[in-house]
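Residue-level structural notes
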Amino acid sequence: MPDSVWQKALDRMAKRVDQTGPQLKGAFPHHADPVTGEWTTTPDGDWTGGFWPGMCWLAARSTGGARYRRWAGEWAERLRPRAGSDTVFRGFLFYYGAALGDVLFGDASAREIALEGARQWAKTYNPNAGCFPLGDAAEEASDVGQGEASIDTVQGAALLVWAAQAANEPAWRNLAVFHARRHIEFCIRPDGSVCQSASFDPVTGELKRRYTHKGVSDESTWARAQAWAILGYALMHQWTGEPDFLEVAGRTADWWIAHVPASRVAYWDFDAPVGPETEHDSSATAIAAAALLKLAAAQKDEQRRKEYRAAAEATARVLVEGYLDARGILDRGCYSKRINLATRSELIWGSYYLFEALHVLAGKLEANRI
Ligand code: GLY
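Here we summarise the structure given alongside this text. Note that the structure is predicted; figures quoted are calculated from it, not measured. (Residues numbered from 1 in each chain as written. Predicted model: local features only at pLDDT ≥ 70, side-chain atom pairs only at ≥ 80, totals over all residues. Heavy atoms only, no water.)

On inspection of all chains with the given rule, the structure shows 0 disulfides. In this model Cys187 remains outside any disulfide bridge; the closest cysteine sulfur is found in Cys195, 6.1 Å from its own. Since its relative accessible area comes to 1%, Cys187 is described here as buried. (Disulfide = S-S within 2.5 Å. Buried < 20%, exposed > 50% of the residue type's maximum accessible area, 1.4 Å probe, protein only.)

Below is the structure:
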C-alpha cells in the first residue's frame, strides 16, 4: 500500500487522540462505546493505563505536537502510585506509559517513573518458579495471586530489560529472560498455539495446571493469548537478542497466520463456534499486526522477512479499511466475552497497537525501536 494510505489512517487516529484527551479529566481510557465515542475510564489505570500515554508519546514523536508530549508526561506521572501495586501488569503500565518517553525522547522524568515501576516489580520475582506471579492485584477477577501466570505478561519483561540497561542492574535482565522462558513451558503448545494461563506451586515452582482466564476453554486458543505470545517473544528477542525467543515468536506467528480467518481478523477465540453473531477481536488482530512487523524486522532470511511483512501489512490493511472509522475509532474489540464486558468496543490497547503499527508502516518509527 502506498505510504499515504497509512499516513491518512494515522491522521485519523491522531484526531481520536485529540478528541480523547480533553474527555479524560485525569482518568485513564479503558474501553469506549463505538457509537457515542464515550470512554469508560479508570481512576488508576487498571492494567491498561500505559496505553494512553503510550499513544501520546507516539503522537508527539510523529507530529512534534507539544500537547501530546505534555499529555504523555502528565499521564506517566499519574502512573507513579502504581509502582507499588502487586500486579505483574506493571510491565504494560510502565513500559508503554513511561519507558517509551525515555526511549523516544530521553525524557528524564518518564525514565525515573519507569525505573521506579521496574525496581518495585523486580522484587516480586519468585526464584523457585523462575517467573513473576500475576500478583494479588492483577486485573483478572479470579485466579490471581502468587501461584498464577499468564502469557499476557511476557511483553512486560521488556520493561526490565530496558531498566537493566538504564539503571545498570544486569540482574534484572536475567529475571526477565527467566520469566519469558518459563512461560514457554507454561503456555506454548507444541503446535505453536497458546494457552493463556498456568498455575504453579509458589514453593517448588512445579507446574500444576494450564487453563484460561478469558478464552472459550482451557484447551481453546483465545485470540489475545496467541497475539500476546507473538508480541511478547518478538519484543523480548528485540531487547535481548536471545534466539529462542525469535523461534517462539515465529512459531506462534505461523500458527496465527495459518489459522486466522481469510478476512485476517481473528474471532475472540480461535475455537469459538462461528456464526453471524460471533464477535471478532480487532485488538488481538492489532497486537498481531504490530508483532508481525517486529518479527519481519528481526528476520535474517529475506524471504521470511517479506512474508511476515506482507502478513503484517495485509492485517493492518483490513483493520484500517473495515474496522477503523472516520473518527479514528477502532471498532469491534472484544475485551471479555466470558463476562460479557465490552464485547464490541473500542479498546485502548487495540488502538495503541494499531497506532504503533501505522507509525511503522508510514515510516515514522523503526519496527524494532520500542
Ligand atoms: N490481561 C490482558 C488482556 O486481557 O488482554
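In this section: the packing of helix H4 (residues 90–105) against helix H8 (residues 223–240). Between H4 and H8, the shortest axis-to-axis distance is 15 Å and the interhelical angle comes to 35°. For the element pair H4 and H8, the recorded crossing hand is left-handed. Listed contacts from H8 to Phe92, Tyr95, Tyr96 and Val103 of H4 are Trp228, Leu231, Leu235 and Trp239. Across the contact of H4 with H8, the residue classes tally to 8 nonpolar, no polar and no charged. (Axes fitted to C-alpha atoms, helices over the stretch in contact; angles between N-to-C directions. Helix = DSSP H or I, 4+ residues; strand = E, 2+ residues; numbered from the N terminus. Left-handed = near helix turned anticlockwise from the far one by under 90°. Contact = heavy atoms within 4.5 Å. Nonpolar A, V, L, I, M, F, W, Y, C, P; charged D, E, K, R; others polar.)

The next point concerns the site of the ligand. All residues in the neighbourhood of the ligand are listed as Trp47, Phe89, Glu139, Glu140, Asp152, Lys214, Trp222, Arg224 and Trp228. With respect to the ligand, the side chain of Lys214 contributes an N or O atom lying 2.6 Å from an oxygen atom. Within the contact set of the ligand, an oxygen atom lies 2.6 Å away from a side-chain nitrogen or oxygen of Arg224. For the ligand, whose accessible area on its own is 200 Å², the fraction buried by protein is 100%. The residue makeup of the shell around the ligand, split by class, is 4 nonpolar, no polar and 5 charged. (Near = heavy atom within 4 Å. Polar contact = N/O pair within 3.5 Å; in protein donor to acceptor, adjacent residues only side chain to side chain. Areas by Shrake-Rupley, 256 points an atom, 1.4 Å probe, with all protein chains shown as cover.)

One non-glycine residue, Asn168, adopts positive backbone phi at about 55°. For Asn168, a relative accessible area of 64% puts it in the exposed group. For Arg264, which is not glycine, the phi torsion reads 75° and is therefore positive.

The end-to-end C-alpha separation of H4 is 21 Å, in line with the 22 Å expected for 16 residues at 1.5 Å each. Approximately 45° is the largest bend angle found in H4, and it occurs at Ala99. Of the residues flanking the end of H4, it is Gly106, one or two places downstream, whose phi is positive at about 65°. (Expected span 1.5 Å × (residues − 1). Bend = angle between axes of the 7 residues up to and from the residue.)

Here we take up the pattern of salt bridges. Considering all chains together, one arrives at 30 salt bridges under this definition. We note a salt bridge from Arg80 to Glu112, for which the minimum N-O separation is 2.8 Å. Of the two residues, Arg80 sits in the loop between helix H3 (66–79) and H4 while Glu112 sits in helix H5 (residues 108–122), which places them 32 residues apart along the sequence. Judged by relative accessible area, which is 27%, Arg80 ranks as partly exposed. Using a relative accessible area of 42% as the deciding quantity, one classes Glu112 as partly exposed. Linking Lys294 and Glu356 is a salt bridge whose minimum nitrogen-to-oxygen distance equals 3.9 Å. Separated by 62 residues along the polypeptide, Lys294 in helix H10 (residues 282–298) and Glu356 in helix H12 (residues 348–361) bring together distant segments of the chain. Each of Arg173, Arg181, Glu242 and Asp244 takes part in salt bridges that share partners, so that together they form one network. (Salt bridge = Lys/Arg side-chain N within 4 Å of Asp/Glu carboxyl O.)

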